[in-house]
Amino acid sequence: MADKPKVVDKPDVLQRPDILKPQAPAPLVTFPVEVVVPEGRQQTPAVGQRASRADGRLHGLGQTKYIDDMYFPNMLFAKIKRAGIASALIKSIDTKEAEAMPGVIAVITGRDIPCNSFGPSLKDQPVLADTRVFHAGDGVAAVAAVSEQIATEALEKIKVVYEPLTPVLDPLESLKLETPGIHAPSANIYGHKIIKKGDVEKAFAESDHIFEGSFRTQMVEHVPLEPYACIAQWDANGRVTIYSTLGRITLGRADVGRTLGIPMSRVRIVATVVGGNFGGKNEIRAEPALALLSKKTGRPVKCVYTRVEEFTSSTTRHPLIMDYKTGVTKQGKILGRKIRLVLDGGAYCSWSETTLGKACILSAGPYNIENLHAEAFVVYTNKTMTGAMRGFGAPQVCFAYESHMDEIAHTLGIDPLEIRLLNAFDEGSLSPTSQKLHSVVVKESLLRAAKLFGWNGLGDAGKGNGA
Amino acid sequence: MKRRGRGMACMWYPIGFTVAANPSAAVVKINEDGTATLLTGTVETGQGSLTILAQIVAQELGIATDDVHVVSADTDSTPMDTGAIASRTTYVTGNAAKMAAEKAKLTLFEVAAPLLGVKPTQLEAQDHKIFVKGFPQRNMHIGDVANHARVVSGQPPIGSASFNPETLALDPETGQGKPFGTYVYATQIAEVDVDDETGEVEVVRIVASHDCGTAINPMLVEGQVEGGVAMGIGFALEEEMLFDANGRHINPNLTNYIMPTSLDTPDIEVDIVDSYDPTGPFGAKGVGEPTLVPTAAAIANAIYDAVGVRIMSLPATAEKVFKALQAKREQQPKQIGAGVPQNGGANGKPAVQ
């Protein structure tokens, strides 16, 4: 006998009228349509995407670990004694009283540094000044203590005897050969660059108008949000690990190895996420001093610059003195240009040679100038050292060549846009160094900016008087 | 009374070091699931360069930016890099990363070729797949190929490469030569309001048209331009380190060293100029430094346009502009009823030193 088919439990079904009722079919599309668009980071092709940054979330949540957020067991805090005098001989440094302070673990001076000089091109910068102070921000001693406060107090107990020297502060004064050399015995000019093309004097003779102008720019600081910070840890194997706000770890390792007199294989440099660079973190600062303090104490040592130190004891932007002379036709075509640049190089070379080169090459502007004579000098002064900073001399010379260009345009009654289009580089133009240029879009950028801005010729003052 | 003026400035700027070698090396490892790791010795200093490098590697491997993890800035574990300097990361490190990724990709192609029945040269990587050129339906997922490479072929895909821009030394006498691999170009136009009673300058608007070759990430290009313009405004109008007669810096703090805040930052309209550089990774050049180069010049020209005084030295502080306006007024003859006074223009305008 076959099994009876199972009787459907009718009453239950009847109690659920929704089952009996025909269901309305689900709509094919619901509005508004929700399409999940993957983030730029998740899309292919990757190039051209507005991909968000992997570190953005951590920054946004305040979870990024900068060096000042890092702590190691038994870590000490270092502070550096600054000279506070622009030019002097160091007669003596007495650290005894500081060393005797409770909480002070170690003090070092320039004499403790095995090779007390470094620099990206000229090795003219001491880690800690030992015999001579070249600018007021020079460090003369470093203290490691159990707290930042004790280290700061200990700086006051260090007695330094100076023999003051007359500082050289004006770059034009420094340029004169009779001015005593800051880094004796040589003269203060430590870099020179020249670019010559065609015959400038002939071009001036053929010009309808000659324009001259002398421009100056000031010294500015990078002012990164995160000041210089570093932790050094010397281990029992004689290997040192350095966490530092460095934009160039390869060069940093070479400088640390050299100043400490140890092989590079015993130096490890880790740059954590750096909170702003702009060129101010491209060479070592206190790394060798901290490494030695760590070696001496057997404990990790941290140092974070104050904002004052960031101004006085890190690199800055070169002030420039820029003399321009330009010969043009009535139509505004540049026939010849002569330029002299004097860079205030501050107390040490740092990245001055790069700045000198770029400033000199770029100084004529993005223009076809067949007759050019550009000469640039960089000189020492007893001021905060100047070095790499976003633009390497280009913002300074651009201020000069573009102000000069507008002078010419206004005098000749030519629209500033027109005179630039008349002289600007094209694809295949030869640069001041006769390099054939490719992917040149200076005219496109001029026209696009003018269109976007709504440029319509001269403004109020150009036509009359700003009215 | 506030006077409005407009000024433009254009510029050119090189990528990389002046003649001197500035190489970058990179290592790319492809994981068994088709994601990848890039090792680079460059440093993220806030500009987003590691994201750009991840995008370049992802593009070469046909995967997404999120699939590339970047390990950076440790001398023990990452290869040599000249560093975050000279607007060189996208161009130089980017080229090295692209070449390293290509080498790792070729291993994947060697592994995939027999599986797809073609030669390695007939393969392409795109959209997480390795496929036969012209026959995209004949494909394998990149993760399957990468896993096969490790588990079956025993060829873990890894590539390393280095790049150094091609330069030619400059003649010491004439300075002639090829100092840089490539250059970028830009124009900025500033609109300013100058108060002719106080000399105060307010930047109202900046239009910035920048060339960076291919924009690997337009959002990060915009970020660089906006930051550069803000920095350029500080250079143009406010920032200056001042020294006393003994050479001591007298304003080493943010109370007396004035910088632009967000309230001083005007509307910045960023425009990316179409451009492609065959020597850069996917046509890219760079954008970091050039963004502030023309700002101060454009502002100085706009000040002249507004009130007819030529700023010859930066920064154009209110005091300096005020003094220049005063000098200009003193120079003008007081003519009453003697026709239109000859104001401003190129003749007889005072210069500020």
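Computed from a predicted model, the values in this text were never measured in an experiment.

Engineer: Would you mind going over the overall build of chain B with me for this structure?
Structural biologist: For chain B, the count of helices and strands is six helices and 13 strands. The C-alpha atoms of chain B give 27 Å as radius of gyration, which overshoots the globular expectation for 353 residues (20 Å, by more than 25%). Referenced to the eigenvectors of the C-alpha coordinate spread, the extents of chain B come out at roughly 95 × 50 × 45 Å. Split into buried and exposed, the 353 residues of chain B put 60% on the buried side. For chain B, the share of sequence-separated contacts (at least 6 apart) that also reach a separation of at least 24 residues comes to 74%.

Engineer: Which parts of the structure should I look at to understand the overall build of chain A?
Structural biologist: Scanning chain A from N- to C-terminus turns up 15 helices and 15 strands. Its C-alpha atoms give chain A a radius of gyration of 32 Å, clearly above 23 Å, the size a compact globule of 467 residues would have. With the C-alpha coordinates of chain A rotated into their principal frame, the extents come out at 125 × 75 × 45 Å. Excluding contacts between residues fewer than 6 apart, the proportion of contacts in chain A whose partners are at least 24 apart in sequence is 77%.

Engineer: So what exactly am I meant to see when it comes to helix α8 (residues 249-260) of chain A here?
Structural biologist: For an α-helix the count is 3.6 residues per turn, leaving residues at separations of three or four pointing the same way. Residue and element names in this part refer to chain A. The terminal C-alpha atoms of α8, which comprises 12 residues, lie 16 Å apart, in line with the 16 Å expected from a rise of 1.5 Å per residue. Taken across its 12 residues, α8 has nine buried, putting it largely inside the fold. Among all positions in α8, only Ile249, Thr250, Leu251, Gly252, Arg253, Asp255, Val256, Thr259 and Leu260 are buried. Contacts made by the buried residues of α8 are with β10 (240-244), β11 (267-270) and α9 (287-297). Looking one or two residues beyond α8, the residue adopting positive phi is glycine 261, at roughly 65°.

Engineer: Explanation requested: α9 of chain A in the structure shown.
Structural biologist: Residue and element names in this part refer to chain A. Counting buried positions along α9 gives nine out of 11 residues, so the element sits mostly inside the fold. Of the positions making up α9, those classed as buried are Glu287, Pro288, Ala289, Leu290, Ala291, Leu292, Leu293, Ser294 and Lys295. Of the residues one or two after α9, glycine 298 is the one with positive phi, at around 70°.

Engineer: It is not clear to me how the sheet that holds strand β14 (residues 334-344) of chain A should be interpreted in this structure. Could you clarify?
Structural biologist: Residue and element names in this part refer to chain A. The strand order across the open sheet formed by five strands is β7-β15-β14-β13-β8, and the pairing between neighbours is mixed. Sheet topology places β7 (189-197) and β8 (209-216) at the edges, where each strand pairs with a single neighbour. Between one strand axis and the next, the sheet turns by 5° as a mean value, whatever way the strands run. Here helix α11 (residues 352-362) sits on the sheet in contact with β7, β13 (320-328), β14 and β15 (371-379), set at roughly 20° to β7.

Engineer: Help me out: how do you make sense of the domain arrangement of chain B in this one?
Structural biologist: Buried accessible area, meaning the area lost when the parts come together, often serves as the stated size of an interface. Residues and elements named next belong to chain B. Under the domain assignment, chain B is made up of domain 1 (2-13 + 180-352) and domain 2 (18-163). Taking only C-alpha atoms, the centre of domain 1 and the centre of domain 2 are 41 Å apart. Each partner contributes residues to the interface: domain 1 has 18 residues there, and domain 2 has 15 residues. In terms of residue count, helix α4 (residues 218-237) provides more of the side of domain 1 that touches domain 2 than any other element does, three residues in total.

Engineer: Whenever I open this one, the packing of helix α13 (residues 416-423) of chain A against helix α14 (residues 442-453) of chain A confuses me. Can you help?
Structural biologist: A pair of packed helices is characterised by two quantities: the angle between their axes and the separation of those axes. Residues and elements named next belong to chain A. Where α13 contacts α14, the two axes come as close as 10 Å, and the packing angle between them is 165°. The pairing of α13 with α14 is recorded here as roughly antiparallel in orientation. At the point where α13 passes α14, the crossing takes the left-handed sense. Together, Leu417, Arg420 and Leu421 of α13 and Lys443, Leu446 and Ala450 of α14 make up the contact between the two elements. Its residues assigned to classes, the contact of α13 with α14 comprises four nonpolar, no polar and two charged.

Engineer: Even after reading the chapter, I still don't get the nonpolar core, so can you show me in this structure?
Structural biologist: Burial of nonpolar side chains together is a common tendency in soluble globular proteins. Counting 242 residues, the largest nonpolar core has Ala78, Val143 and Cys230 of chain A together with Leu38, Val57, Ile299 and Ile303 of chain B as its most contacted members. It is helix α2 (residues 89-116) of chain B that provides the largest number of residues to this core, a total of 11 residues. The residues contacting alanine 78 of chain A, other than those within four sequence positions of it, are Ala142, Val143, Ala144, Ala151, Leu290, Leu293, Val301, Lys302 and Cys303 of chain A.

Engineer: Before we go on, may I ask you to explain the sheet that holds strand β1 (residues 76-82) of chain A in this structure?
Structural biologist: Strand pairing in a sheet is mediated by backbone hydrogen bonds. Such pairs are either parallel or antiparallel. All names here are of chain A. Pairing in this open sheet of seven strands is mixed, and the strands run β3-β5-β1-β12-β9-β10-β11 from one edge to the other. The sheet is open, and its two edges are formed by β3 (104-109) and β11, each paired on a single side. Between one strand axis and the next, the sheet turns through 20° on average, direction left out of account. Of the strand pairs in this sheet, β3 and strand β5 (residues 139-145) are connected by five bridges, and their pairing is antiparallel. Paired with valine 104 across the two strands is alanine 145, which belongs to β5. The strands that α8 touches are β10 and β11; relative to β11, the one it contacts most, it runs at about 145°. In the packing of α9 onto the sheet, contacts are made with β1, β3, β5, β9 (229-234), β10 and β12 (301-304), and the angle to β9 comes to roughly 35°.

Engineer: What's the story with the environment of leucine 290 of chain A in this structure? I'm lost.
Structural biologist: Residue and element names in this part refer to chain A. With respect to the helices and strands, the residue leucine 290 is situated in helix α9. Judged by the 30 C-beta atoms lying within 10 Å of it, leucine 290 is buried. On a C-alpha basis, the gap between leucine 290 and isoleucine 242 in space is 8.9 Å, while along the polypeptide they are 48 residues apart. Sequence-distant contacts of leucine 290, defined by excluding residues within four places in its chain, comprise Ala78, Cys230, Ala232, Val301 and Cys303.

Engineer: Is there a simple way to think about unusual backbone geometry in this case?
Structural biologist: Comment: phi is negative for the bulk of residues other than glycine, and the bulk of peptide bonds are trans. The residue after threonine 44 of chain A, namely proline 45 of chain A, is reached through a cis peptide bond having omega -10°. Structurally, the position occupied by proline 45 of chain A is in the loop between α2 (17-20) and α3 (56-60). With omega at 0°, the peptide bond leading from leucine 314 of chain B into proline 315 of chain B counts as cis. With respect to the secondary-structure elements, proline 315 of chain B resides in the loop between β12 (310-311) and α6 (318-331). Even without being glycine, serine 87 of chain B reaches a positive phi, approximately 50°. Relative to the elements of secondary structure, serine 87 of chain B occurs in the loop between β4 (68-72) and α2.

Engineer: I would appreciate a short explanation of the interface of chain B and chain A in the present structure.
Structural biologist: Listed per partner, the contact involves 113 residues of chain B and 108 residues of chain A. Secondary structure elements with two or more residues in the side of chain B that touches chain A: β1 (2-15), α1 (49-61), β9 (182-195), β10 (201-211), α4, β11 (267-273) and α5 (295-307) of chain B. Looking at the side of chain B that touches chain A, its residues break down into 53 nonpolar, 40 polar and 20 charged.

Engineer: Looking at this structure, I do not really get the environment of leucine 168 of chain B. What am I missing?
Structural biologist: Residue and element names in this part refer to chain B. Note on placement: leucine 168 falls in the loop between β8 (158-163) and β9. Leucine 168 sits 163 residues away from glutamine 331 along the chain, and the two C-alpha atoms are 52 Å apart. Once you skip the residues sitting within four places of it in the chain, leucine 168 turns out to touch Gly177 and Lys178.

What counts as what
Residues numbered from 1 in each chain as written. Chains lettered and ligands numbered in written order. Predicted model: local features only at pLDDT ≥ 70, side-chain atom pairs only at ≥ 80, totals over all residues. Helix = DSSP H or I, 4+ residues; strand = E, 2+ residues; numbered from the N terminus. Rg over C-alpha atoms; globule rule 2.2 N^0.38 Å. Buried ≥ 20, exposed ≤ 12 C-beta atoms within 10 Å, placed from the backbone. Contact = placed C-beta atoms within 7 Å. Expected span 1.5 Å × (residues − 1). Pairing = 2+ DSSP bridges. Axes fitted to C-alpha atoms, helices over the stretch in contact; angles between N-to-C directions. Domains from an automatic or database assignment. Parallel < 35°, antiparallel > 145°, perpendicular 65-115°, else oblique. Left-handed = near helix turned anticlockwise from the far one by under 90°. Nonpolar A, V, L, I, M, F, W, Y, C, P; charged D, E, K, R; others polar. Core = buried A, V, L, I, M, F, W, Y, C linked by C-beta atoms within 7 Å.

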